[in-house]
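Next come the chains, spelled out residue by residue.
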Amino acid sequence: MDTRTPLYTDFLRDGGEVGALIRGYDWVGTPIGPISGWPQSLKTTVGLMLRSPIPMVLLWGEHGVMIYNDPYSVFAAGRHPRLLGSNVLEGWPEVAAFNAHVMKVGMAGGTLSFRDQELTLYRKGVPEQVWMNLDYSPVIDESGQPGGVLAIVVETTGRVTMEAALRDSETRLRGVLDGMGESLAILDRDFRIVDMNAEALRLESRPRDQIIGKTHWEAHPDADPALGEMYKRALATKKPVEMKHRYAWPHGRVSWISMHAYPVGDGLAVFYGDVTEQVESEERLRESEERLRLMADAVPQIVWVTDSEGKTEFFNRQWFEYTGSAHNPASATQVATDFVHSDDEAVTLEAYENARRTGSIFEVEHRIRSKEGDYRWFLVRAEPYRDPHTGEIVRWFGVSIDIHDRRVAQEHQQLLINELNHRVKNTLATVQSVASQTLRNAASTEQAKESLEARLFALSRAHDVLTRENWESADLYDIVEQAVAPYSSRGEDRLHLAGPRARVPPRMALALAMALQELATNAVKYGALSNDMGMISIAWSVQRGDSGPRLHLKWEESGGPAVHPPSRRGFGSRLIERSLSQDLDGKAQIAFLASGVVCIVDAPLT
């Protein structure tokens, strides 16, 4: 009969793959012999083991012959099926010492239990670190003594390695969190503080057990109520929130804290930090900026600041009051295009770009439009501010100074200088001509002296009138009055002036003054003023002509000696004709009537 196929093997029924292997295995060559000779205790234990879903192995006899189930075959991996029927010390030689101890304890009736026992096995031909939960119990045979040891083997390598990886991850994360310069607290759905990093505990300055496990309100009873409401809003909306608040710590220190709360799962991750120094610096900066703004607004000039690219950062109050603009212009270019006179725009932009390119001082004079629409001259000057570390230009600080009055005064001064040069030349030419003609036509030195002095005095009086009027124009009445004043005696009514107060240009004023002086001198010598009864009428009017207003002036003598036309025309007559006809582009006619001399002048008033 084949001893490998016993007749009564019902305990192997439904034993799976390993059960079939047990039935067909040649047990005769093993210390436990053929299945037919197995004691009932062995059969019962094997039958129970084969039907268990838990990896189990039976180490039978003093040699620990290995009999196991299907789940254990999976654990054995490459060692299956060679392990079946082998002695345990030979089947797992790499852990023989461990198993020898198990056999010694188990066969003595003792039990062993290991949790996450680490062993190095060669299940696939290479060393492998594995972790297992191991439970060993003795199996009592018919003699009442341990016949073998039953082992329950549950591999925990996956869980152990995962937990180890998780611990490593948590350690790394803890290291990262503790290495953060910002405080972090984790709050659960009830706003209970479940964890904090090292920086948070440092900031708190109190033991961990005084904070962890407490709600936000319990841990920080003096916190701003708005902070708790902020946490509730973040958790309700699942959106991050932030807040900066002033907090008095339990130990008495007062700080400004910046909070950022982020919804994480059912709780919150709250990042916070002490920003007291930042807040105080910002406050000092605001105060400094306000002082600088007040100083800039107190300056009567326009003060402005741009960045390195010309984008405007600041204009003081004077800019807005002068231009009427409600907003800062966006850039220096916009100032040039929108506010600077079009004739000055190109030179302004060229000077600014040159200053930016070379890093030199920007300086230009241009006209800026006021809110009334007129333009005033400004001297604009800006200096670059460089970063003390890089040397790069980061800002331009500028001032626009109103120089309009000075500029107008300079232009007027230059105009006066040019006019003075012109008038001095003309006056010298007039004096030269008067002196030359007077000396040439005088009968004696004494006559020459008197005539020259009279004519120069007339010229001087006309100059006085023009000087009072800044040489812009003169009142015709004043010119006439000053010209004949030397020939008017107190108590007499022999000179009659009639005409409007019309403004005449300097050139006409001088010409009329010289002409009237000549007429008055002749009247004293030969005409109406040479006796006690004669009179002179000087009347003028301004009439509109085709090319503009014209002056009509009439000198008329009466009551003097009978007049006889001269045999030749003297210098006085020629002076009148030259001054009034040639110099003024007008007409002058002198008539020697028997009743008295009549001179009629017609000249343009411009």
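None of the values given here were measured: they were computed from a predicted structure. The numbers attached to residues start from 1 for each chain and follow its sequence in the written order. At least 70 in pLDDT is required for a residue's local features to be given in this predicted model, at least 80 for side-chain atom pairs to be given and counted, and no such filter applies to totals for whole chains, interfaces and linings, which use all residues. Values shown for side chains rest on all heavy atoms present in the structure; no hydrogens or waters enter the calculation.

Now for the overall build of the protein chain. Elements are defined by DSSP. Helices are runs of H or I of four residues or more, strands are runs of E of two residues or more, and each kind is numbered from the N terminus. From N to C terminus, the protein chain includes 18 helices and 22 strands. Here a residue-residue contact requires only that any non-hydrogen atoms of the pair lie within 4.5 Å. Relative to all contacts within the protein chain whose residues are 6 or more apart in sequence, the contacts with residues 24 or more apart total 50%. When the accessible surface of the protein chain is summed, it comes to about 33,100 Å², and 53% of that surface belongs to carbon and sulfur atoms. Accessible surface is estimated by sampling points in the Shrake-Rupley manner with a 1.4 Å probe; for residues, cover comes only from the protein chains shown.

Our next topic: a nonpolar patch on the surface. There is a patch of nonpolar side chains on the surface, built from Ile54, Ile152 and Val154 and spanning about 190 Å² of accessible area. By relative accessible area, Val154 is classed as partly exposed at 33%. For patches, a residue must show more than 30% relative accessible area and have no salt bridge; joins then use 9 Å for like charges and 5 Å for nonpolar side chains, namely Val, Leu, Ile, Met, Phe, Trp and Tyr. Put simply, a salt bridge is a Lys or Arg side-chain nitrogen that is within 4 Å of an Asp or Glu carboxyl oxygen. A simple rule labels every residue: compare its accessible area, found with a 1.4 Å probe on the protein chains alone, to the largest value its type can have, and call it buried under 20%, exposed over 50%, or partly exposed in between.

Time to look at the pairing of strand E8 (residues 241-248). A regular strand places its side chains on the two faces of the sheet in alternate fashion. Where burial is concerned, the two faces of E8 differ: the one with Val241, Met243, His245 and Tyr247 is buried and the one with Glu242, Lys244, Arg246 and Ala248 is not. Note: two strands are recorded as paired if DSSP finds a minimum of 2 bridges between them. Here E8 pairs with strand E9 (residues 254-264) via 8 bridges, running antiparallel. The partner of Glu242 across the bridge, within E9, is His260.

Further remarks concern the sheet that holds strand E6 (residues 183-187). In spatial order, the strands read E7-E6-E10-E9-E8; together these 5 strands make up an open sheet with antiparallel pairing. If you trace the sheet from one side to the other, it starts and ends with strand E7 (193-196) and E8, each paired once. The sheet shows a mean angle of 25 degrees between the axes of neighbouring strands, direction not considered. As defined by bridge partners, E6 adjoins E7 across 3 bridges and the pair is classed as antiparallel. Note that in E7 the partner of Ala185 across the bridge is Met196. Every axis corresponds to a line fitted to the C-alpha atoms, with the helix fit spanning only the stretch in contact, and the corresponding angles, defined between N-to-C directions, vary from 0 to 180 degrees. Here helix H9 (residues 225-237) sits on the sheet and contacts E6, E8, E9 and strand E10 (267-274); the angle it forms with E8, its principal contact strand, is near 160 degrees.

The end-to-end C-alpha separation of helix H10 (residues 276-298) is 33 Å, in line with the 33 Å expected for 23 residues at 1.5 Å each. Of all the residues in H10, the buried ones are Thr276, Val279, Ala296 and Asp297. One less than the number of residues in a helix, times 1.5 Å, gives the span that helix is expected to have.

Attention now moves to the sheet that holds strand E5 (residues 146-155). Pairing within the open sheet is antiparallel, and its 5 strands lie in the order E2-E1-E5-E4-E3. Only two strands of the sheet have a single partner each, and these edge strands are strand E2 (65-68) and strand E3 (112-121). Adjacent strand axes in the sheet meet at a mean angle of 30 degrees when their direction is disregarded.

For Thr323, the position within the fold is in helix H11 (residues 317-323). What qualifies as a polar contact is a pair of N or O atoms within 3.5 Å, subject to a donor-acceptor requirement within protein and to the restriction that residues adjacent in sequence count only when both atoms come from side chains. At 2.7 Å, the side chain of Thr323 forms a polar contact with the backbone oxygen of Trp319. A polar contact of 3.2 Å, which involves the side chain of Thr323, links it to the backbone nitrogen of Ser325. Residues in contact with Thr323, not counting those within four places in the same chain, are Phe339, Ile368, Arg369, Ser370 and Lys371.

Another aspect to go through is the environment of Ile212. As for its position among the elements, Ile212 is in the loop between helix H7 (198-204) and helix H8 (216-219). The spatial distance from the C-alpha of Ile212 to the C-alpha of Leu187 is 9.7 Å, given a sequence separation of 25 residues.

Aromatic contacts are taken between Phe, Tyr and Trp rings whose centres are within 6.5 Å, Trp giving its six-membered ring; a plane angle under 30 degrees counts as stacked, one over 60 as edge-to-face, and the others as tilted. Counting across every chain of the model gives 18 aromatic pairs. Centre to centre, the rings of Tyr262 and Phe271 are 5.9 Å apart; their planes meet at 75 degrees, and the pair counts as edge-to-face. Its relative accessible area of 34% is what places Tyr262 among the partly exposed residues. Its relative accessible area of 21% is what places Phe271 among the partly exposed residues. Geometrically, the ring pair formed by Phe315 and Trp319 is tilted, given 4.6 Å between the ring centres and 40 degrees between the ring planes. When its relative accessible area of 6% is taken as the criterion, Phe315 is described as buried. Within the aromatic cluster, the residues linked to one another by ring pairs are Phe11, Tyr25, Trp27 and Trp38.

Quick look at the pattern of salt bridges now. This structure, assessed with the given rule, holds 26 salt bridges. Residue Arg202 pairs with Glu199 through a salt bridge whose shortest N-O separation is 2.5 Å. Of this pair, Arg202 and Glu199 both sit in helix H7, 3 residues apart, which is roughly one turn of the helix. Here Glu365 and Arg406 are joined by a salt bridge, their closest N and O atoms 3.8 Å apart. Here Glu365, found in strand E13 (residues 362-369), pairs with Arg406, found in helix H14 (residues 404-441); they are 41 residues apart in sequence, far enough to count as distant.

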